[in-house]
Amino acid sequence: MTDLPGIVVTGASGRMGRMLIAAVAASGKARLVGALEREGHAWVGQDAGVAMGGAPIGVLVTDDPLEAFAKAQAVIDFTAPDATVGFAALAAQARAVHVIGTTGLEPAHLAKIAAAARHAVIVRAGNMSLGVNLLTQLTQRVAAALDADWDIEIVEAHHNRKVDAPSGTALMLGEAAAAGRGVDLAAVSDRGRDGITGARERGHIGFAAIRGGDVVGEHDVIFAAAGERIVLRHIATDRAIFARGALRAALWGQDRIPGEYDMLDVLGI
Ligand SMILES: NC(=O)C1=CN([C@@H]2O[C@H](COP(=O)(O)OP(=O)(O)OC[C@H]3O[C@@H](n4cnc5c(N)ncnc54)[C@H](O)[C@@H]3O)[C@@H](O)[C@H]2O)C=CC1
Ligand SMILES: O=C(O)C1=N[C@H](C(=O)O)C[C@H](O)C1
């Protein structure tokens, strides 16, 4: 037994869950104390290491969040919106830092997360990588420097299993562009163009989503004006970047005062 922070990974069998279990185990900075899956999942009751096709790691996958969170200093959660809202309340009850990577959260989910953050530390970001968080700042800066003669379009590409669009990252970049322009994203957002849409509205911020194959995550912020274009691009080639960011957030959150934080807080940029 050590005094390294104990971490529970939710959605253990998922694309991110597996990455996170491997990242925590290899980190030397935290210990895996729980791995959670939904009720009825084939992994429940198995050793997490064995379920991943490797050696046993001494952590059985459970479907009981309450029991798992009671042992944890942090919960790293990349699952689905309804599950995440439930975990936020339980993690707050256990006073564990809740790191939320889940995307597709609607205003009703966000309100419940904000309520949980009155009692515990929550770090939430639609993208936990250093590169994307830096890109949000660059986007804000470029948007602030250019007027509405420059049309802003955000194009994202992801694998064919992704269930939400636009991606959480695209929305972060949209928020950054809107902040740079001093406008409310909800008021200028163009999503899901189809058919006779009419000409593009000046000052709007457009979103487009591509889904295919095993694309990890690609995002372009396009600033298009008459005669020239600026393209800011991030390409993720390895989900380990998200897992590293999430683990960093879990460690950063220890001993912070309750509240909702993001990766810019964690990275100090
Ligand atoms: N913020 C970031 O940096 C990133 C965010 N994501 C987001 O993370 C989420 C998960 O992505 P993936 O791992 O690709 O999806 P996935 O579908 O591979 O994994 C989700 C896992 O959550 C589990 N799950 C669902 N409900 C649950 C419940 N009630 N209790 C326990 N487990 C439950 C599922 O069984 C599944 O194993 C998505 O919202 C995705 O957009 C993904 C990558 C990076
Ligand atoms: O679902 C994914 O895979 C990803 N989701 C996040 C998002 O919605 O932006 C982050 C990353 O792009 C991968």
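Whatever comes next refers back to the structure up there.
As the structure is a computational prediction, the values presented were derived from the model and not from experiment. (Residues numbered from 1 in each chain as written. Chains lettered and ligands numbered in written order. Predicted model: local features only at pLDDT ≥ 70, side-chain atom pairs only at ≥ 80, totals over all residues. Heavy atoms only, no water.)

I'd like a description of the pattern of salt bridges, backed by residues and values.
Think of it this way: side chains of opposite charge can pair up when their charged atoms draw near. Under the defined criterion, the tally for this structure stands at 10 salt bridges. Taking the shortest distance from any N to any O, the salt bridge between Arg-193 and Glu-153 comes out at 2.7 Å. Of this pair, Arg-193 sits in the loop between β8 (189–191) and β9 (205–211) while Glu-153 is found in strand β7 (residues 151–158), placing the two residues 40 residues apart along the sequence. In this structure, Arg-200 and Glu-153 form a salt bridge, with 2.7 Å as the shortest nitrogen-oxygen distance. Placement of Arg-200 in the loop between β8 and β9 and of Glu-153 in strand β7 is noted, with a sequence separation of 47 residues between them. One salt-bridge network, in which partners are shared between bridges, spans Asp-151, Glu-153, Asp-190, Arg-193 and Arg-200. (Salt bridge = Lys/Arg side-chain N within 4 Å of Asp/Glu carboxyl O. Helix = DSSP H or I, 4+ residues; strand = E, 2+ residues; numbered from the N terminus.)

How would you summarise the nonpolar core if you had to cite specific residues and measurements?
Nonpolar side chains in soluble globular proteins tend to end up buried together. Counting residues in each nonpolar core, the largest one holds 37 residues, and the members touching the most others are Ile-7, Leu-20, Ile-76, Phe-78, Val-99, Val-123 and Met-263. If one sorts the elements of this core by residue count, helix α9 (residues 240–252) sits on top with 7 residues. Leaving out residues up to four positions away in the same chain, Leu-20 has contacts with Val-9, Ile-76, Phe-78, Ala-243 and Ala-246. One finds Trp-150, Ile-152, Ala-170 and Ala-178 within the second-largest nonpolar core, a separate group that totals 17 residues. (Core = buried A, V, L, I, M, F, W, Y, C linked by side-chain atoms within 4.5 Å. Buried < 20%, exposed > 50% of the residue type's maximum accessible area, 1.4 Å probe, protein only. Contact = heavy atoms within 4.5 Å.)

Talk me through the packing of aromatic side chains; I want residue IDs and the actual numbers.
Applying the stated criterion across every chain, the model contains 2 aromatic pairs. Centre to centre, the rings of Phe-69 and Phe-87 are 5.8 Å apart; their planes meet at 70°, and the pair counts as edge-to-face. With a gap of 18 residues between them, Phe-69 in helix α3 (residues 65–69) and Phe-87 in helix α4 (residues 81–93) connect regions that are remote in the sequence. For the residue pair Phe-69 and Phe-87, the accessibility class agrees, reading buried in each case. Residues Trp-252 and Tyr-261 carry aromatic rings whose centres are separated by 5.1 Å and whose planes lie at 75° to one another, so their mutual orientation is edge-to-face. (Phe/Tyr/Trp six-rings, centres within 6.5 Å; stacked < 30°, edge-to-face > 60°.)

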